[in-house]
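# Survey of secondary and tertiary structure
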Amino acid sequence: MYDYMPKWLSARNQDDDALAGGKHGEAPLHEVVGEFMTLIDLGLVGPAQSDDLYHFTGRSGNRPVWVPEEIRRMTPQERLDAILGTRNLQGFRPFGTTQACICFSESPPNHLAHLIVDRGFSPWGFVTSRSAVLGQGGGSVAYVPDAVYSYFRAGGLEHWAVRTGSDSVWLHEREWRLPVRGEGLRLASIRAILIGDPGWRPSLVETGDWLNGETGDLLPGPDGSPHTRPVEDLPLLWRNAEIWAWDASTRAVIKHPPGTLN
């Protein structure tokens, strides 16, 4: 379905893998303790804050021309399907910067509703946490006036700031950014998946196992039989994460535990 996806999975150099974090370059954008990462204690979360960071796969407005056309043509659902199927998350340059980043919005429930209902953000994407993004080298951006922004730009750090004035008002995004190199991040885990339709399911993917299509018996591998076929299942990220389904009538998400929407 996505002929261009294999290039997202091309080899990355060791520096890129180190930036992505995790074992074999896999980035756990979730609170995984031990082998992958150590949690950062950020203290209490105030009512105007949120520990939930949303990466939306669609919104109103123009797409940067440096994003490949095949990605710009995709619907929010198709972009999410591609991320779940490949477990690869690609970053692109935010406007006015040279550093590719993966972008998130820190959104308490009421602000999430504001972004979706009033600001044209699509209820499709995934959810991670502040601690997970900080643990991978990301953080919140600074919203600053031109005079201050010039210092960020002079230091090559403009991707950590958003120029703010009457002609550039983006405060509603409450943005966090995770700088990436190479082909982005290969996801090991995420907190939740955001969907706008509770009946939607991602495309099946091959698990690496094989079975006999007549008997249903698992096989050690392809054996030349016409009845042998690869085993397919829902993507691992979908099976292991909570599913948050947007409910337009209540302007809120309905949270489903992992494995209950299979």
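Conventions adopted
Residues numbered from 1 in each chain as written. Predicted model: local features only at pLDDT ≥ 70, side-chain atom pairs only at ≥ 80, totals over all residues. Heavy atoms only, no water. Helix = DSSP H or I, 4+ residues; strand = E, 2+ residues; numbered from the N terminus. Buried < 20%, exposed > 50% of the residue type's maximum accessible area, 1.4 Å probe, protein only. Contact = heavy atoms within 4.5 Å. Areas by Shrake-Rupley, 256 points an atom, 1.4 Å probe, with all protein chains shown as cover. Pairing = 2+ DSSP bridges. Axes fitted to C-alpha atoms, helices over the stretch in contact; angles between N-to-C directions. 1 Å grid on protein atoms, 1.4 Å probe; cavity = no way out; pocket = protein on both sides within 12 Å on 5 of 7 lines; lining within 4 Å. Points joined across faces, edges and corners; volume = space filled by probe spheres on them. Nonpolar A, V, L, I, M, F, W, Y, C, P; charged D, E, K, R; others polar. Phe/Tyr/Trp six-rings, centres within 6.5 Å; stacked < 30°, edge-to-face > 60°. Lys NZ or Arg CZ within 6 Å of the ring centre and 35° of its normal.

### Concerning the overall build of the protein chain
A tally of helices and strands in the protein chain yields 7 helices and 16 strands. The buried share of the protein chain, taken over its 262 residues, is 44%. Within the protein chain, contacts between residues separated by at least 24 positions form 71% of all contacts whose residues are at least 6 apart in sequence. For the protein chain, the computed accessible surface area is about 13,400 Å², with 53% contributed by carbon and sulfur atoms.

### What about the sheet that holds strand β6 (residues 139-140)?
Pairing between sheet strands relies on hydrogen bonds along the backbone, with the strands arranged either parallel or antiparallel. Taken in spatial order, the 8 strands of this open sheet run β6-β9-β4-β2-β5-β11-β15-β16, and their pairing is mixed. The sheet is open, and its two edges are formed by β6 and β16 (252-256), each paired on a single side. Here β6 pairs with strand β9 (residues 175-179) via 2 bridges, running antiparallel. Bridge pairing in β9 links Ser-140 to Trp-176. In the packing of helix α4 (residues 109-118) onto the sheet, the strands contacted are β2 (52-56), β4 (101-106), β15 (242-247) and β16, and the crossing angle to β2 comes to about 15°.

### Quick word on the environment of Cys-103
With respect to the element layout, Cys-103 can be found in strand β4. Between the alpha carbons of Cys-103 and Phe-56 there is a distance of 8.4 Å; along the sequence they are 47 residues apart.

### As for the environment of Ala-132
Along the chain, Ala-132 turns up in helix α5 (residues 130-135). Assessed through its relative accessible area of 1%, Ala-132 is described here as buried.

### Considerations on the environment of Arg-63
Looking at the secondary structure, you find Arg-63 in the loop between β2 and α2 (69-72). Given a relative accessible area of 29%, Arg-63 falls into the partly exposed group. Here the alpha-carbon distance between Arg-63 and Arg-73, two residues 10 residues apart in the chain, equals 9.7 Å. The contact partners of Arg-63, leaving out residues within four places of it in the chain, are Gly-58, Arg-72 and Arg-79.

### Examining the layout of surface pockets
Here the largest pocket is characterised by a volume of approximately 1,200 Å³. Forming the walls of the largest pocket are 42 residues, and the residues nearest its centre are Arg-59, Pro-64, Pro-94, Phe-95 and Cys-103. At the level of secondary structure, the elements contributing two or more residues to the lining of the largest pocket comprise β2, α2, α3 (76-86), β4, α6 (146-154), β8 (161-163) and β9. Considering each element in turn, the lining of the largest pocket owes the most residues, 5 residues, to β4. In terms of residue class, the lining of the largest pocket is built from 21 nonpolar, 11 polar and 10 charged.

### Some remarks on the packing of aromatic side chains
Evaluated as defined, the whole model comprises 7 aromatic pairs. An angle of 65° between the planes, with centres 5.0 Å apart, marks the rings of Phe-56 and Phe-121 as edge-to-face. Pair noted here: Phe-56 is in strand β2 and Phe-121 is in the loop between α4 and β5 (125-129), with a separation of 65 residues, a long-range link. Assessed through its relative accessible area of 7%, Phe-121 is described here as buried. Every member of this aromatic cluster is reached through a ring pair, and the members are Tyr-54, Phe-56, Phe-121 and Trp-244. The ring of Trp-66 carries Arg-93 above its face, with NZ or CZ at 4.2 Å from the centroid. The side chain of Lys-255 reaches across the aromatic face of Trp-244, ending 4.2 Å from its centre.

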